[in-house]
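Chains, contacts and geometry: an overview
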Amino acid sequence: VKTVFHCGDLSEGVKMRKSHEHEVHTHGADAQRALIVEAYPYSKGITTHLISGNHDAAHMKNGGADVCRGVADRREDIDYLGMDAARFVVARKGERDIKIDLLHPDGGSSYAISYKCQKIIEQIEAGDKPDVLLIGHFHKAFTLPAYRGVAAILAGCTQRQTGFMRRNGLAAHVGAHILEVRALDGEFVFSSTWRSYYPEIR
């Protein structure tokens, strides 16, 4: 793996809900940014392409700080693509380009995990569809290999179930997908393997 896509909520944010501050061990934009710069995994030759999420945006709303930009400015292996959504294009000589969209939507997860993927894809204009859609925010892992010409991934997360999630009956699917995407002779080939893991509780 040489390329990592991160679909937002690199930081925990501030004032996400009532009593949120009691569930956070590092407070404020500067402190959270410094912790991420130090602790986000580094492997030589691997680049993380990143969008921000609603937790990252909370720093912007409460003090004007773009934490993701601050992290990317201090880490040469992190490429910040922008807020909420971005398109990453794999340009290929002699073959068609591969379009990968990153999205951090609003709203809560649905009872059926596939529902949000399907609804998001249905709202994309016909001429603007990506080959692959990577979706953050919901803390769920799911692969929809082909729906209306789009392969979709609910990205999962890297944060264990919080007290807030536990109280509200919300699961956290902790891990990452390993994707293989190819376009050969006009044929699109896609596969996804989910790798779960269990981070330490701090």
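Here the structure is shown first, and the text comes after it.
To start, this report covers the structure provided alongside it. Keep in mind that this is a model prediction, so the values were computed, not measured.

Rules of the game
The residue numbering used here restarts from 1 in each chain and proceeds along that chain's sequence as written. Confidence filtering applies because this is a predicted model: local features only for residues at pLDDT of at least 70, side-chain atom pairs given and counted only at 80 or more, and all residues used for totals across whole chains, interfaces and linings. To obtain the side-chain values, all non-hydrogen atoms of the structure were used and water was disregarded. In this description, strands pair whenever DSSP reports at least two bridges between them. Secondary structure elements are defined from DSSP: runs of H or I of at least 4 residues count as helices, runs of E of at least 2 residues count as strands, and each element is numbered from the N terminus. For every element, the axis is a line fit to its C-alpha atoms; helices are fit only across the contacting stretch, and the angle between N-to-C directions ranges from 0 to 180 degrees. Note on definitions: a residue-residue contact is assigned when non-hydrogen atoms from the two residues lie within 4.5 Å. Stacked, edge-to-face and tilted labels apply to pairs of Phe, Tyr and Trp rings (six-membered ring for Trp) whose centres lie within 6.5 Å, assigned for plane angles under 30 degrees, over 60, and everything in between, in that order. Burial classification: accessible surface area is computed with a 1.4 Å probe over protein chains only, and a residue below 20% of its type maximum counts as buried, one above 50% as exposed, and the rest as partly exposed. By definition here, charges over rings are those cases where NZ of Lys or CZ of Arg is within 6 Å of the ring centre and within 35 degrees of the ring normal.

Attention shifts here to the sheet that holds strand β3 (residues 78-83). Within the open sheet, the 3 strands sit side by side as β1-β2-β3. Their pairing is parallel. Each end of this open sheet is capped by a strand with a single partner; those strands are β1 (3-6) and β3. The average undirected angle you get between the axes of adjacent strands in this sheet is 15 degrees. With respect to the sheet, helix α3 (residues 67-74) is in contact with β2 (47-52) and β3, its orientation differing from that of β3 by roughly 160 degrees.

Here the focus is the packing of aromatic side chains. By the definition in use, this model includes 1 aromatic pair. With a centroid separation of 5.1 Å and 75 degrees between ring planes, the pair formed by F5 and F88 is classed as edge-to-face. Here the residue F5 occupies a position in strand β1, and F88 occupies one in strand β4 (residues 85-90), the gap between them amounting to 83 residues. On the basis of relative accessibility, which here comes to 23%, the residue F5 falls in the partly exposed class. Using a relative accessible area of 19% as the deciding quantity, one classes F88 as buried. The ring of F164 carries the charged tip of R17 above its face, separated from the ring centre by 4.0 Å.

With that settled, consider the environment of H139. Mapped onto the elements, H139 comes out in the loop between β6 (132-135) and β7 (141-147). Among the residues examined, H139 registers a relative accessible area of 17% and is labelled buried. With 16 residues separating them in the primary sequence, H139 and A155 have C-alpha atoms 7.2 Å apart. When sequence neighbours within four positions are dropped, the list of residues in contact with H139 reads G156, C157, Q159, M165, A171, A172 and H173.

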